[in-house]
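Below, each chain spelled out in residue letters.
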Amino acid sequence: SDVVTKEMYTFTDKGGRSITLRPEYTPSVVRAIIEHRLDLLPEPLRYYYMGPMFRYDKPQKGRYRQFHQVDVEVFGEKDAAIDAELVEMADRLLREVGVAGTETLINSVGCRACRPGYLRLLKENAEAVKGRLCGDCRRKTETNPLRIFDCKVEGCREAAAAFPVVSDHLCAECAAHFAAFRAGLDLYGLAYRVEPRLVRGIDYYTKTTFEIVAAG
């Protein structure tokens, strides 16, 4: 992923040791679960945490190389209702702290069963317009074409607008999961918009993706 290849904040300290600052929480938490056999506890496992994170390469406008992250995760449960619960929790937190004018975007990026076929199709489409893509997106064409949708370069965004979307290539299980997720949001009374090009490039992401963004 881009996190590993160019966003890790790594340096050598005065003792000659290579130090890497954490870029996100999930890998550390999974490692702790494995090392301390927390998977033997009754499931599901529910955790929340907050603290500083660090990303090195070219922070986007309004972001900093050091930032604080509030994270909530559930392990051992695949029900779409959990995804809806997390979105409702995030929406409520923002309203409690006075953030207004937000919009919730949702999508599904499929799973290990249906996503490989979609990625092959996406790569074929990206190869056909490779000359219109920036250097970073040409690299992504080979490594992870999903991340092309994240590019902010206007030429890449225009090219990606014609690419097939993953929501049209979901397997039956993922399609049912996404429908159940939307039904959960409806039950909470949460407004949302399906954004078929909302993706996550890290390999462990499957099925539901969402963002809550400032409207306009």
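Just above sits the structure.
Asker: Explain the overall build of the chain here, please?
Answerer: The number of helices and strands found in the chain is seven helices and seven strands. Listed N to C, the secondary structure of the chain is α-β-β-α-β-β-α-β-α-α-α-α-β-β in terms of helices and strands. The C-alpha atoms of the chain give 19 Å as radius of gyration, which agrees with the globular expectation for 216 residues (17 Å, within 12%). C-alpha extents for the chain along the principal axes are approximately 55 × 50 × 40 Å. Looking at the 216 residues of the chain, the share that counts as buried comes to 33%. Long-range pairs, those at least 24 residues apart, make up 69% of the contacts in the chain with a sequence separation of at least 6. Of the roughly 13,100 Å² of accessible surface on the chain, 54% is carried by carbon and sulfur atoms.

Asker: When you look at the sheet that holds strand E7 (residues 208-214) in this model, what are you seeing that I'm missing?
Answerer: Spatially, E6-E5-E7 is the arrangement adopted by the three strands of the open sheet, whose pairing is mixed. Either end of the sheet is taken by a strand with one partner, and the two such strands are strand E6 (193-194) and E7. Relative to E6, strand E5 (residues 102-108) is paired through two bridges, and the arrangement is parallel. Bridge pairing in E6 places Leu105 opposite Arg193. Contacts from helix H3 (residues 80-96) reach E5 and E7, with the element oriented near 15° to E7. The strands that helix H7 (residues 172-188) touches are E5, E6 and E7; relative to E5, the one it contacts most, it runs at about 160°.

Asker: I would appreciate a short explanation of helix H2 (residues 26-35) in the present structure.
Answerer: Structurally, the α-helix is built with 3.6 residues per turn, so residues lying three or four positions apart point the same way. Inspection of H2 places Thr26, Val29 and Ile33 among the buried residues, and these make up the whole buried set. Down the axis of H2, the smallest arc covering the buried residues is 65°, so these residues share one side. Relative to its buried face, H2 has exposed residues pointing more than 90 degrees away, namely Ile34 and Glu35. The secondary structure elements touched by the buried residues of H2 are strand E3 (45-54) and strand E4 (66-75). Note on H2: the residue one or two positions beyond its end, Arg37, has a positive phi of about 50°.

Asker: Mind showing me how you'd approach the pairing of strand E1 (residues 9-12) here?
Answerer: Both faces of the sheet carry side chains from a regular strand, because those side chains alternate between them. Strand direction decides the pairing type here: E1 and strand E2 (residues 18-21), joined by four bridges, are antiparallel. Looking at the pairing, Thr10 lines up with Thr20 of E2. Turn length for the E1-E2 hairpin, with the two strands adjacent in sequence and antiparallel, is five residues, and the turn residue Gly16 shows positive phi of about 80°.

Asker: What should I look at first to understand the pattern of salt bridges in this one?
Answerer: Oppositely charged side chains may form a pair once their charged atoms are brought near each other. The full count for this structure, using the stated rule, is 14 salt bridges. Notably, a salt bridge pairs Arg95 with Asp91, separated by 2.9 Å at the nearest N-O pair. One end of the pair is Arg95 and the other is Asp91, both in helix H3 and four residues apart, which spans about a single turn. Close ionic contact of Lys207 with Glu173 constitutes a salt bridge, the shortest N to O distance being 2.8 Å. One end of the pair, Lys207, is in the loop between E6 and E7; the other, Glu173, is in helix H7, with 34 residues separating them in the sequence. Here the salt bridges do not stand alone but share partners, grouping Lys123, Glu127, Lys130 and Glu142 into one network.

Conventions used here
- Residues numbered from 1 in each chain as written.
- Predicted model: local features only at pLDDT ≥ 70, side-chain atom pairs only at ≥ 80, totals over all residues.
- Heavy atoms only, no water.
- Helix = DSSP H or I, 4+ residues; strand = E, 2+ residues; numbered from the N terminus.
- Rg over C-alpha atoms; globule rule 2.2 N^0.38 Å.
- Buried < 20%, exposed > 50% of the residue type's maximum accessible area, 1.4 Å probe, protein only.
- Contact = heavy atoms within 4.5 Å.
- Areas by Shrake-Rupley, 256 points an atom, 1.4 Å probe, with all protein chains shown as cover.
- Pairing = 2+ DSSP bridges.
- Axes fitted to C-alpha atoms, helices over the stretch in contact; angles between N-to-C directions.
- Arc of directions from axis to C-beta.
- Salt bridge = Lys/Arg side-chain N within 4 Å of Asp/Glu carboxyl O.

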